[in-house]
Amino acid sequence: TGFNQEDSIIVSQAALDRGLFRSSISKSFKDEEKGIGSDVERFGIVPASAVGFRKADYSKVEEDGLPLVGQEMNNGDVIIGKKMQTNQLGADKKKRTTMVDHSTILSSAEPMQVGAVYISSNKDGARLVRVKMHTSRTPEIGDKFSSHHGQKGVIGIILRSVDMPYTSDGICPDIIINPHALPGRMTVGQLIESLLGKLCCLEGRIGNGTAFNDLHPTQVGVELQKYGFQSRGCETMYHGWT
C-alpha cells in the first residue's frame, strides 16, 4: 500500500478530518503611497487604460483599493489596488498625464482568506496599508514528519478509518510507522517511549523515558502485565480489509 518510500508512514483520513497536524499559514503584504510632486501614488481602483495594467482579477478590491475581511483570494488576484498619476512625454513631445498601475498581486499556490486589513501612516505622513492573509493546510501524501527522536517519515498513503487495522478493544491508530525504520536508524528510545507512554495512559501519569535515569523496559513490562497487557506492549490487531 502506498508509494513504498523508505520509512514511509500510513495516516488515517479520519484523524486528518479531525484536524491532526493541520497548520495555519499566514502571509502579510504591505504597501504605501509614495511620490513627490506630480508623481503621486494613491490607493484605489485602477482603470483598465492604465499603463502596466495586468491580466489579473481587479474585482475583489473596493473603491479604496483594499479587499474586504473574509474575502477569498486566489493566485493572480489583486489584493492592494494602487495607481500612480504621472506626466509623460507623448509622441508630439507634449506632456500628458497618464495613470500607471502599481497594484500588489497575490502569488500563492492555494486560495487564501483576508484575515485583517490595517490602514496607518508612515513617518512622512503618507498612508500605509497592511493586508494579512491566512490559509489552513492539511497533510497530504508526500509530506514529511518526524518524532522527538528524529525518526523521519513521509506519508506514503492516507487510508480511510475502515481500512485501518484495529485492536480487540476497537481502537484504530491515527498513524502507522514502518517498524523496520527503528533498528535501521537505531532509535531504540522511541520503542521505550512508546512502551512507557502506554503505561502512562493507563495510569494517568507522566513518565520519564529519557536516558538520564535508571528506567528499564522490563520494569514497564511488569506494570503493563498488571493491566492485562503483554509485557512488551504487543497487541493483536485486525485487518480493516479482511
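The residue count restarts for each chain, going from 1 along the sequence in the order it is written. Side-chain atom pairs in this predicted model are given and counted only at pLDDT of 80 or more, local residue features only at pLDDT of at least 70, and totals for whole chains, interfaces and linings cover all residues. With hydrogens and water set aside, each side-chain value is computed from the structure's full complement of heavy atoms.

## Quick look at the sheet that holds strand 12 (residues 144–146)
- Ordered by their spatial adjacency, four strands build an open sheet running 12-13-1-15, and the pairing between neighbours is mixed. Strand pairing shows two members of the sheet lacking a second neighbour, strand 12 and strand 15 (175–176), which therefore form its edges.
- Here strand 1 (residues 9–12) runs beside strand 13 (residues 152–159); their pairing, made up of four bridges, is parallel. Paired with Val11 across the strands is Ile158, a residue of strand 13. When DSSP finds two or more bridges between two strands, those strands count as paired. Secondary structure elements follow DSSP: runs of H or I of four or more residues count as helices, runs of E of two or more count as strands, with numbering from the N terminus.

## What about helix 3 (residues 188–203)?
- Compared with an ideal rise of 1.5 Å per residue, which puts 16 residues at 22 Å, helix 3 spans 23 Å between its outermost C-alpha atoms and is within 8% of the ideal.
- Note on exposure labels: buried denotes an accessible area under 20% of the residue type's maximum, exposed denotes more than 50%, and partly exposed covers the range between, all computed with a 1.4 Å probe on protein chains only. Listed in full, the buried residues belonging to helix 3 are Gln190, Leu195, Leu196, Leu199 and Cys200.
- In this fold, the buried residues of helix 3 make contact with helix 2 (181–185) and helix 4 (217–226).
- Following helix 3 by one or two positions, Gly204 has its phi on the positive side, about 65 degrees. Helix span, expected: 1.5 Å multiplied by one less than the number of residues in the helix. The criterion used for residue contact is that any of the two residues' heavy atoms lie within 4.5 Å.

## Notes on the pairing of strand 13
- Relative to strand 13, strand 12 runs antiparallel, the two being bridged by three bridges. Residue pairing for strand 13: Phe145 is matched across the bridge by Gly153.
- Hairpin connection from strand 12 to strand 13: five residues lie between these consecutive antiparallel strands, with Gly150 at a positive phi of about 75 degrees.

## A look at a nonpolar patch on the surface
- Taken together, Phe21, Ile175 and Ile177 make up a surface patch of nonpolar side chains, about 250 Å² in accessible area.
- By secondary structure assignment, the location of Ile177 is in the loop between strand 15 and helix 2.
- Owing to a relative accessible area of 37%, Ile177 belongs among the partly exposed residues under this scheme. What makes a patch is a set of residues exposed beyond 30% relative accessible area and free of salt bridges, joined within 9 Å when like-charged and within 5 Å when nonpolar (Val, Leu, Ile, Met, Phe, Trp, Tyr). Computed with the Shrake-Rupley method and a 1.4 Å probe, the accessible areas treat only the protein chains shown as cover for residues. Basic side-chain nitrogens of Lys or Arg form a salt bridge, by our definition, when they fall within 4 Å of a carboxyl oxygen of Asp or Glu.

## Comments concerning the packing of aromatic side chains
- Working definition: rings of Phe, Tyr and Trp (its six-membered ring) pair if their centres are within 6.5 Å, and the pair is stacked with planes under 30 degrees apart, edge-to-face with planes over 60 apart, and tilted otherwise. The full count for this structure, using the stated rule, is three aromatic pairs.
- Note on Phe21 and Phe145: the rings are 4.9 Å apart at their centroids and 40 degrees apart in plane angle, and the pair reads as tilted. Highlighted residues: Phe21 in the loop between helix 1 (13–17) and strand 2 (23–32) and Phe145 in strand 12, separated in sequence by 124 residues.
- What makes Phe145 partly exposed here is its relative accessible area of 22%.

## Observations concerning the sheet that holds strand 10 (residues 112–121)
- Spatially, four strands are ordered 2-11-10-5 in an open sheet, and the strand pairing comes out antiparallel. Looking at which strands have only one partner, the edges of the open sheet turn out to be strand 2 and strand 5 (72–73).
- Inspection of the sheet shows strand 10 paired to strand 11 (residues 127–137) by eight bridges, in the antiparallel sense. Among the inter-strand pairings, Ile119 is bridged to a residue of strand 11, identified as Val129.

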